[in-house]
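Single-letter residue listing:
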Amino acid sequence: MKKLLIALLLIATSVSATDWAGHNGTVILSFEADSVVRVADVESVKGMGVLVDVYATLTDISELSYNKSRILTCGGYELQLQFEGSEGKIISQSLPKEAQLNVAKEDGRCMVGLFPDLSLSKGAQLVHWQVLLPEGAKNIRFSLDPEGLFSTDRVEGCAENNPVMLWVGGQDAKHHGLIFASSCAPAYLNWDGEPELELIRGTMDSIETGLFTIED
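It should be emphasised that the depicted structure is a prediction, and the values quoted were computed from it without experimental measurement.

**What about the overall build of the chain?**
Then comes step 1: Along the backbone of the chain there are one helix and 15 strands.
Then comes step 2: What you see for the chain is a C-alpha radius of gyration of 17 Å, in line with the 17 Å of a compact globule of 216 residues.
Then comes step 3: Overall, the C-alpha framework of the chain stretches about 55 × 35 × 30 Å when taken along its three principal axes.
Then comes step 4: For the chain, buried positions account for 50% of its 216 residues.
Then comes step 5: Residue pairs in contact within the chain that sit at least 24 positions apart in sequence constitute 76% of those at least 6 positions apart.

Here it is, written out as structure tokens:
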């Protein structure tokens, strides 16, 4: 029953059951799992191409409370990887052990329901992709594609705030009716010159919605 509820909330089939909760947190794209490496050079393997690992980690969650309970967990999320500058192929996609279902079927796209909830207190790795690019691939930019979000037009107040990814509050804390967005920290592979490391994000922070209080 919990998994079914999370799935229904994730795809926002009932707008009346959800609240747009604004932007909270950042998804960092990195070429290493345990540290932030947003700019890297990876050599080609002759006859195969450039094989690169890309990790998406949700972090920097604001210290907010909802109904006297702190926002610390995630019950599901939506995002889609995109890369610009070269053709390529996503050859694998690994999700956390808490992922009970992924409704999306397209390569690089995730509409994930979690059980148990995923802790966000120290950041949480959402996806690990392996991407194969042609030999000699250069100036590749990895980011998140807002066109891959199913729920944007199904949650009142969401679309006009231009989210690049979405996540649902935790079920156990009774935050599962809250639909958040996060910003995206893009990553750059075999890049010439200085890349643009600024965050990609929409508008309206969570605290501006009036739903939350700031933790003391």
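Additional details are given in the paragraphs that follow.
**Quick word on the sheet that holds strand 4 (residues 64-66)**
Then comes step 1: Ordered in space as 5-4-15, the three strands form an open sheet in which the pairing is antiparallel. Each end of this open sheet is capped by a strand with a single partner; those strands are strand 5 (69-70) and strand 15 (213-214).

**Comments concerning a nonpolar patch on the surface**
Then comes step 1: Together, Val-45, Met-48, Leu-51 and Ile-91 line one region of the surface with nonpolar side chains, adding up to about 320 Å² of accessible area.
Then comes step 2: Here Met-48 lies in the loop between strand 2 (39-40) and strand 3 (50-59).
Then comes step 3: In this structure Met-48 comes out as partly exposed when scored by relative accessible area, which is 44%.

**A short note on the environment of Met-204**
Then comes step 1: Here Met-204 is to be found in the loop between strand 14 (187-189) and strand 15.
Then comes step 2: A sequence separation of 44 residues divides Met-204 from Glu-160, and the C-alpha atoms of the two residues are 9.7 Å apart.
Then comes step 3: In this structure Met-204 touches Trp-20, Gly-22, His-23, Asn-161 and Thr-209, once residues within four positions along its chain are discounted.

**A look at the environment of Gly-75**
Then comes step 1: Inspection of the secondary structure assignment puts Gly-75 in strand 6 (residues 73-84).
Then comes step 2: On a C-alpha basis, the gap between Gly-75 and Gly-177 in space is 9.9 Å, while along the polypeptide they are 102 residues apart.

**Some remarks on the environment of Ile-28**
Then comes step 1: On the secondary structure map, Ile-28 appears in strand 1 (residues 19-30).
Then comes step 2: Taking the relative accessible area as the measure of exposure, Ile-28 reaches 16% and is therefore buried.
Then comes step 3: Residues Ile-28 and Gly-177, spaced 149 residues apart in sequence, show a C-alpha to C-alpha distance of 24 Å.
Then comes step 4: Every residue in contact with Ile-28, bar those within four places of it in the chain, is listed here: Val-36, Arg-38, Tyr-55, Ala-56, Thr-57, Thr-59 and Ala-185.

**What about the pattern of salt bridges?**
Then comes step 1: Under the defined criterion, the tally for this structure stands at six salt bridges.
Then comes step 2: Note that Lys-97 is salt-bridged to Glu-98, the shortest N-O span being 3.3 Å.
Then comes step 3: You can call Lys-97 exposed: its relative accessible area is 74%.
Then comes step 4: Between Glu-106 and Arg-109 there is a salt bridge whose closest N-O contact spans 3.1 Å.

Cut-off values and rules
- Residues numbered from 1 in each chain as written.
- Predicted model: local features only at pLDDT ≥ 70, side-chain atom pairs only at ≥ 80, totals over all residues.
- Heavy atoms only, no water.
- Helix = DSSP H or I, 4+ residues; strand = E, 2+ residues; numbered from the N terminus.
- Rg over C-alpha atoms; globule rule 2.2 N^0.38 Å.
- Buried < 20%, exposed > 50% of the residue type's maximum accessible area, 1.4 Å probe, protein only.
- Contact = heavy atoms within 4.5 Å.
- Pairing = 2+ DSSP bridges.
- Patch = residues over 30% accessible without salt bridge, like charges linked within 9 Å, V, L, I, M, F, W, Y side chains within 5 Å.
- Areas by Shrake-Rupley, 256 points an atom, 1.4 Å probe, with all protein chains shown as cover.
- Salt bridge = Lys/Arg side-chain N within 4 Å of Asp/Glu carboxyl O.

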